[in-house]
Amino acid sequence: MNKKVIVFSQLDSDIQARLENQFNVVMLNPKHGDINQQIRQEVVDADAMIGAGRLLNESNLAPAQKLKIISSVSVGYDNYDVDYLSQRKIGLAHTPHVLTETTADLAFTLLLSAARKIPQLDQWTKQGAWKRTVGTAQYGQDVFGKTIGIIGLGHIGAAVARRAFHGFNMSILYHNRREKIEVAQQFNAQYCSLDDLLQQSDFVVVAVDLNADSKTLMGEREFALMQKHAVFVNIARGSVVNEQALIDALSNQQIFAAGLDVYQKEPLQDSPLFQLDNVVTLPHIGSATAETRKKMAELAYQNLVDALENRTPRYLVNP
Ligand code: NAP
């Protein structure tokens, strides 16, 4: 009998078709009621799950009897209870590398947009407010040659550093749980404490994975250390930041601006951030280009098939 695969978010159509040719595919659908209830029902006899953006843990996976692999179409895996999965001998795979450059592009897009007030000035122009030459209210911050502080010099952090170094002649500071000597050498990046980085950087970019150490890494105290003209960018995970502290820092003009792709609660609805004109808000689109999403889906598909055919998936989180 065909193996059963649960698809828990929208997938690339080619990959979806390939899965349907090979397996008995069940799609979860929010229109059919509570998703967690659907998971609990369908997972009983499922062999694999594939998708992104859903919390999977004991509360919805407990009924699984033969689940072998969860293939996440993402690099971050903070949505999954890895300890529980390991205890149940359920593999978890993810899709690193293929989204690194696209996400770093987005980090820089946010940095430049927030520094140069791009969304506000786009609206301003379209609303016909451009009556004479622009004044101080429309001025932004220079980027070229400034200092960027990167928190988390992993794959994406290093790709941001490469752009900053080669494209914008920036001085680079970084903070990481451990020093990354070889990567840092390529960009002349200086290792420093979080406090030093916050105090000295004109731009602060967060690129850590969400874990017990990085949760609310940025709070009231940390925003208070940043310079008044500094721009804060978060492309990592919303929970790395105490969002209320950021809102306060932006409201009080304690920092110049922020560029955000991720939030404590997603999708972002009715947020005080919407009232602020010194923040650029994007709907978690770090990897959302057609090419990259296709590569991620292909990799996730391969991880899933490898597991079901008794090969070790290339990117297994819990070997
Ligand atoms: P990665 O290669 O694992 O890099 C994460 C880096 O953060 C590592 O160098 C890690 O260093 C460091 N780190 C972790 N906790 C830290 C802490 N408390 N203090 C300082 N450094 C810390 O992962 P990646 O591929 O660059 O991706 C990073 C994250 O970006 C993902 O986990 C995901 O959550 C997020 N992301 C978001 C989007 C989006 O759509 N916005 C897209 C892709 C990825 P050590 O472990 O050595 O300390």
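Counting restarts for each chain, with residues numbered from 1 along the sequence as it is written. The model is predicted, so local features are restricted to residues of pLDDT at least 70 and side-chain atom pairs to those at 80 or more, both for listing and for counting; the totals for chains, interfaces and linings are taken over all residues. Only heavy atoms go into the side-chain values, all of them from the structure, while hydrogens and water stay out.

This next bit is on the side chain of Gln-16. A run of H or I in DSSP counts as a helix once it spans at least four residues, and a run of E counts as a strand once it spans at least two, with each numbered from the N terminus. Here Gln-16 shows up in helix α1 (residues 13-22). On the basis of relative accessible area, Gln-16 is assigned to the buried category, the value being 12%. Any residue under 20% of the maximum accessible area for its type is buried, any over 50% is exposed, and the rest in between are partly exposed; the area is computed with a 1.4 Å probe on protein chains only.

Our next topic: the packing of helix α5 (residues 100-115) against helix α7 (residues 155-168). Remark: α5 packs on α7, axes separated minimally by 8 Å, with the N-to-C direction vectors making an angle of 55°. Regarding the angle of α5 to α7, the classification is oblique. As α5 packs across α7, the resulting crossing turns out to be right-handed. On the side of α5, the interface is formed by Thr-100, Glu-101, Thr-103, Ala-104, Asp-105, Ala-107, Phe-108 and Leu-112, while α7 contributes His-155, Ile-156, Ala-159, Val-160, Arg-162, Arg-163, Ala-164 and Phe-168. Class assignment of the residues belonging to the contact of α5 with α7 gives a composition of 9 nonpolar, 3 polar and 4 charged. A fitted line through C-alpha atoms serves as each axis, taken over the contacting stretch for helices, and the angle formed by two N-to-C directions is quoted from 0 to 180°. By the definition adopted for this analysis, an angle is roughly parallel if under 35 degrees, roughly antiparallel if over 145, roughly perpendicular if from 65 to 115, and oblique otherwise. Here a crossing is called left-handed whenever its near helix is offset anticlockwise from the far helix by less than a right angle, and right-handed whenever the offset is clockwise. Note on contacts: a residue pair is in contact if any heavy atoms of the two residues lie within 4.5 Å. When residue character is reported, Ala, Val, Leu, Ile, Met, Phe, Trp, Tyr, Cys and Pro are called nonpolar, Asp, Glu, Lys and Arg charged, and the others, Gly included, polar.

Let us look at the pairing of strand β3 (residues 48-51). Because side chains alternate across β3, one face comprises the buried residues Ala-48 and Ile-50, and the other comprises Met-49 and Gly-51, equally buried. Pairing of strand β1 (residues 4-7) with β3, which is carried by 3 bridges, proceeds in the parallel orientation. The residue bridging Val-7 from the neighbouring strand is Ile-50, located in β3. Two strands form a pair only when DSSP identifies at least two bridges running between them. When β3 meets strand β4 (residues 69-72), the two strands line up parallel, connected through 4 bridges. Each residue of the ladder has a partner; that of Ala-48, found in β4, is Ile-69.

This part covers the domain arrangement of the protein chain. According to the domain assignment, the protein chain consists of domain 1 (4-97 + 291-308) and domain 2 (100-281). What counts as a domain boundary in this text is fixed by an automatic or database domain assignment. Between domain 1 and domain 2, the C-alpha centre-to-centre distance is 32 Å. With 4 residues of domain 1 at the interface, the matching set in domain 2 holds 5 residues. The buried area of a pairing is the accessible area, by a 1.4 Å probe, that goes missing from both parts when the two are put together, added over both. For the pair domain 1 and domain 2, the summed buried area comes to about 480 Å², and 44% of that belongs to carbon and sulfur atoms. Of all residues in domain 1, Asp-78, His-97 and Thr-292 bury the most surface against domain 2, accounting for 83% of the area lost on that side.

Taking strand neighbours across the sheet as the criterion, the 5 strands line up as β2-β1-β3-β4-β5 in an open arrangement whose pairing is parallel. The open sheet has two free edges, formed respectively by β2 (24-27) and β5 (91-93), since each of these has just one partner strand. The sheet shows a mean angle of 20° between the axes of neighbouring strands, taken without regard to direction. Across the sheet, α1 is in contact with β1, β2 and β3; its angle to β2 comes to roughly 130°.

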